[in-house]
Amino acid sequence: MTAVITIVNKSPVSRIFTNSFRGAKTFRSITKMSNCIFCKIISGDAPAEIFHQDDKMIIFKDIKPASKHHFLAVPKEHIPNVNSLSKNQIPLINDLIAKSKQVLADKGGNLDDTRLGFHLPPFNSVSHLHLHIISPVSEMSFISSFVFKPNSWWFTSVDQILEKLEKSKL
Ligand SMILES: [Zn+2]
Ligand SMILES: [Zn+2]
């Protein structure tokens, strides 16, 4: 795999006018991407504070935490983004959610004050599917609340994405 596109997103607002990445599905691949930072974390070639790991996923701390607890649950398979998902990956998403909640509970986080969701392309800073788990929501800054605003057109809640997948034909 040499053709790797990483959508770098420093300013969500400035990207509003450059939404030209709708074809991201084209880059779906089950292989590891050599210059994907999350694939490197999975292979041990990049550092991360890892909280959980099994054959399907890895959970590690977000490098720019938006609250006291902020981590990412990442499938080991290189799935570019939520638009690359199909109905048969619902169990994988449910596993990411369940394991993330377990890790948060183990760390003493309050599940009732927690946000779980995915960035939507092109607003995903890394083009490897990652579930954000942020808690407590009540301690997030104004800007973080904006960046992780549920069911905005740049961030989708897990409920919304599961509902969409249930309805999809594939
Ligand atoms: Zn990757
Ligand atoms: Zn993200």
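Here is a short report on the structure shown in this document. Keep in mind it's a predicted model, so treat the numbers as computed, not measured. (Residues numbered from 1 in each chain as written. Chains lettered and ligands numbered in written order. Predicted model: local features only at pLDDT ≥ 70, side-chain atom pairs only at ≥ 80, totals over all residues.)

### A closer look at helix α3 (residues 90-106)
Over its 17 residues, α3 runs 24 Å from end to end, which matches the ideal 24 Å to within 8%, given 1.5 Å per residue. Within α3, burial applies to I93, L96, K99, S100 and L104. Angular distribution of buried residues about the axis of α3 spans 140 degrees; they occupy a single face of the element. Exposed and facing more than 90 degrees away from the buried side of α3 are P91, N94, A98, A105 and D106. (Helix = DSSP H or I, 4+ residues; strand = E, 2+ residues; numbered from the N terminus. Expected span 1.5 Å × (residues − 1). Buried ≥ 20, exposed ≤ 12 C-beta atoms within 10 Å, placed from the backbone. Arc of directions from axis to C-beta.)

### Some points on the sheet that holds strand β4 (residues 115-119)
Here we have six strands laid out as an open sheet, ordered β1-β2-β3-β5-β4-β6, and antiparallel in their pairing. The open sheet has two edge strands with one neighbour each: β1 (50-53) and β6 (155-157). For this sheet, the mean inter-axis angle between neighbouring strands, taken without regard to orientation, is 25 degrees. With three bridges connecting them, β4 and β6 associate as antiparallel partners. Each bridged residue has a counterpart across the sheet, and for H119 the counterpart in β6 is F155. Where α3 meets the sheet, its contacts fall on β1, β2 (57-61), β3 (69-75), β4 and β5 (131-135), and the angle it forms with β3 comes to roughly 150 degrees. In this fold helix α5 (residues 158-167) packs onto β4 and β6, with an angle of close to 80 degrees to the strand it touches most, β6. (Pairing = 2+ DSSP bridges. Axes fitted to C-alpha atoms, helices over the stretch in contact; angles between N-to-C directions. Contact = placed C-beta atoms within 7 Å.)

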